[in-house]
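Chain and residue survey
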Amino acid sequence: MLLFFILGLLVHFVFFGSIFDIYFTSPLVHGMTPQFTPLPPPAKRLVLFVADGLRADTLYEFDENGNTRAPFIRNIIMHEGSWGISHTRVPTESRPGHVALIAGFYEDVSAVAKGWKENPVGFDSLVNESKYTWSWGSPDILTMFAKGVGGDHIYTYSYDAESEDFGAHDVTKLDTWVFDNVKEFFHAARNNQSLFSKVNEEKIVFFLHLLGIDTNGHAHRPTSREYKDNVKVVDDGIKEIVSMLEHFYGNDGKTAFIFTSDHGMTDWGFHGAGHPSETLTPFVSWGAGIKYPQKVSAQKFDDAFLKEWKLENWKRQDIHQADVAPLMASLIGVPFPLNSVGILPIDYLNNTDLFKAESMFTNAMQILEQFKVKMTQKKEATLPFFFTPFKLLSESKQLNILRKARSYIKQRKYDEAKPSHLLPCCFIAVSVLVAFFLLIQDCPWTYYVYCLLPMPIWYAVLREFQVIQDFVLSLLTFPPSQLVGYLFVFTLGIEVLVLSFFYRYMLTAGLIAFACWPFITQLWTRAKSISLSWIFFSLLLAVFPLMPVVGRKPDIFLVMGAGLLVLLLSLCVVTSLIRRKDHFINEELLLHLFQMLSIVLSMCVVYTTHDSLLKKQGLPLFNQIISWITLASSFVLPLLSPTSLFERLFSILLSSMSAYLLLSTGYEALFPLVLSCLMFVWIQVEQETLQQLSVSYKQKVTSLQFTYNPDITQFRQIYLDDVRRAFFLVFFLVTAFFGTGNIASVNSFDLASVYCFLTVFSPFMMGALMMWKILIPFVLVMCAFEAVQLTTQLSSKSLFLMVLIISDIMALHFFFLVKDYGSWLDIGTSISQYVIVMSMTIVLVFLNGLAHLLTTKKLELCGKPKSHLI
């Protein structure tokens, strides 16, 4: 069994890690030859303003008084430059958004290996190709383009990370800091000859990253006054910077300006997915090399934006976000970023047809270089008789296309010179003869692991077949028709579990089916009160998957209501314990009262913190201290309670709820309470079902002790009903994960959940707190199942095998559903789904140990154990 267990853990670790090797390898290649337009550029310098988190509609629309929020940008659109919408691509996050803008390619899927915090593979960018670049803003963004770049031509000026505080009184200071430091920089340049010389060079870039709008959006939502007022602050700041630069350079007309955003934001203050509010961002450009406004009578766009924004008479020119990089490179005459996939938007260029055609030809050559390098790499790694070139872009056709394009340019037939749509194609030869073809093709060692590791696993399974044999023998006792019916129900249950990962309402359907379960068994006739409780709490829990994802509709009064319900339940339980026991130990009473006090404190902290943040007074220090103390004590207090089944589980619930309330923003505060009530009923239901199996051992739930050490000889053989118990466990675990949201992406969570603990942005600490919030319902389920194992005499070995079978069947679905494209919400969901089911057995072992610790261990403050009368 030990060998089987070790091999089981190993194979699950290897195979859920395999998706990162198979699906999430970087598409970036290196070794390309730089390409640049061989004609003088229109601009000497480029100024890039990126308003982080700014939605297109917020900038372009009028406010409730009929006034524009950004009068300077509006004036640019109508009198000086060109405008449109920049269509971002998922994931709509700051890092991939800025990479797309400045480097010209979208998210590198291998970034998952870095927790999506940085690009794991080096890449070329406009910043790298420039002669000098000065940048101001957030340290998270600026350092990304300076990292690993040779030379000393990139200069970054950033504020401290602690300044990015969602609970700060005025986060517009993040933007005013940038504007003030840019002004000071140019003031210093007048008195510094070396710096003055550098800022007057050609091919230079000034990058201003403005984070205030994004921070206000997260803290107050994009519909808030703070978010919209921040747009005015940015507009005023840009106006001052543009005026200062024109004065500094003597109005030489050699400065190009671009204003855009890395991503938008949903109405509930999130981004990362593909909602139009996240993918539609403003794009305004003016200055050297940019077309002036073009008045038109009709436009090609059929949406209602133009009329709503009152811009129907000014030509709108939409672009893709990655197209900005080649545009900027063309304006200042630097090589196009080597990894860029952007297509030059020539409609923005105010230049000769020759310059446009040469720039497009350079763009095509730069993309073709990537294709050629990728094809060479694939050809070298594939057997000659397996390699198939992309027929539409063979070497002869490449030369023919380039020759025609060059000929058209020489003949001044510029309209005919267009770049082909280069679509890279990857051909992977799959070997049938595993070891032989892996060897002759010199495949990575991981391929050998994937293909050969199942061999010892199957060997271990054959050695440990006794439990499976007992189960098969029990199945053969059923009539064939009944067996087929059970198989159909089991298959249907598995498919419901799989579908619940995509559609949360499938959990509702499953819980409704659970509510009907007593009617098709003898449970309804034998224990009506328990059956009614089971039906009530199953239906009540079924409501939660139908609710909106947590964070989109915060309601502090629901959190308060959940706390009051816990207090009411606590009073009832304490009263019941006092009546049931001959005497109630003072330490036990004090412990329960202290846990109830923790609930009250949590409610007060949540309410006062919410009120303080609304008043922009920040997180009170006292509240922060109480929150951390409550969280720490929630791990210890249950260990001080008696080890009787009911009292220990109730103590775990109170401690968990005191911490969960601090992490709640709305209806999810009720979820652990309802789930725990159903778990208490489940324990009693499973004990009642033992009578159907004629199991002689049966104790009252109130008399059971978690410290009870069962005799291994009392463990019974596995029954078909145990499969149902294993399925119930898996279903409740999935419900604990997805009952109130989607744990696969941070886009489903509200940062306000951790505001009782901290408001200064700290991804690891915030992530840890959110992870504990996710695990609390999980732990409650596992503690309840610890009691189920005790009451039903179900061996851990049997449980392990059944959950292994269920999770692996589910994993077969998700392995082929892993995505390496789309938003990180989609990609993260597909990864999480696969990892969850593959790691279910491993996590089960860990949480089973944690549940065993919480339920069976007891801390004695007085130094000597006491016996309690039940």
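Residues numbered from 1 in each chain as written. Predicted model: local features only at pLDDT ≥ 70, side-chain atom pairs only at ≥ 80, totals over all residues. Heavy atoms only, no water.

**Regarding the side chain of Thr735**
Relative to the helices and strands, Thr735 is located in helix H29 (residues 720-738). Polar contacts involving the side chain of Thr735 include one to the main-chain carbonyl oxygen of Phe731, which spans 2.8 Å. Apart from the residues within four sequence positions on either side, Thr735 is in contact with Leu507, Leu541 and Phe671. (Helix = DSSP H or I, 4+ residues; strand = E, 2+ residues; numbered from the N terminus. Polar contact = N/O pair within 3.5 Å; in protein donor to acceptor, adjacent residues only side chain to side chain. Contact = heavy atoms within 4.5 Å.)

**Structural notes on the sheet that holds strand S8 (residues 319-320)**
Taken together, the eight strands give an open sheet; going across it, the order is S4-S3-S5-S1-S6-S7-S2-S8, and neighbouring strands pair in mixed fashion. Each of the sheet's edge strands pairs with one partner strand only, and the pair in question is strand S4 (154-158) and S8. Taken together, the seven bridges between strand S2 (residues 81-87) and strand S7 (residues 280-287) define a ladder with antiparallel strand orientation. The residue bridging Ser82 from the neighbouring strand is Ser285, located in S7. This element, helix H6 (residues 139-146), spans strand S3 (132-137), S4 and strand S5 (204-210) of the sheet and lies at about 170° to S4. (Pairing = 2+ DSSP bridges. Axes fitted to C-alpha atoms, helices over the stretch in contact; angles between N-to-C directions.)

**Focus on the confidence of the model for the protein**
Summarising the model, the protein shows a mean pLDDT of 81, and 82% of its residues fall at 70 or more. Every residue in residues 419-431 is under pLDDT 50, and counting partners more than four places away or in other chains gives 18 contacts. (pLDDT = per-residue confidence, 0-100.)

**Describing the packing of aromatic side chains**
If you walk through the whole model with that rule in mind, you get 46 aromatic pairs. Judged by centre distance (6.4 Å) and plane angle (65°), the ring pair of Trp83 and Trp309 falls under edge-to-face. Highlighted residues: Trp83 in strand S2 and Trp309 in helix H12 (residues 305-309), separated in sequence by 226 residues. Judged by its relative accessible area of 1%, Trp309 falls in the buried class. Seen from their ring centres, Phe283 and Tyr348 are 5.2 Å apart, and the 85° between their planes marks the pair as edge-to-face. (Phe/Tyr/Trp six-rings, centres within 6.5 Å; stacked < 30°, edge-to-face > 60°. Buried < 20%, exposed > 50% of the residue type's maximum accessible area, 1.4 Å probe, protein only.)

**Looking at the pattern of salt bridges**
For the coordinates displayed, the defined rule picks out 17 salt bridges. With a shortest N-O distance of 2.9 Å, Lys773 and Glu668 are connected by a salt bridge. Remark: Glu668 occurs in the loop between helix H27 (645-662) and helix H28 (671-689) and Lys773 occurs in helix H30 (residues 763-792); sequence separation between them is 105 residues. Here Lys773 matches Glu668 in class, with each residue buried. Salt-bridge contacts for Glu686 lead to Arg725; the nearest nitrogen and oxygen are separated by 2.6 Å. Of this pair, Glu686 sits in helix H28 while Arg725 sits in helix H29, and the two are 39 residues apart along the sequence. For Glu686, a relative accessible area of 0% translates into the label buried. The structure contains a network of salt bridges with shared partners spanning Arg225, Glu226, Asp229 and Lys616. (Salt bridge = Lys/Arg side-chain N within 4 Å of Asp/Glu carboxyl O.)

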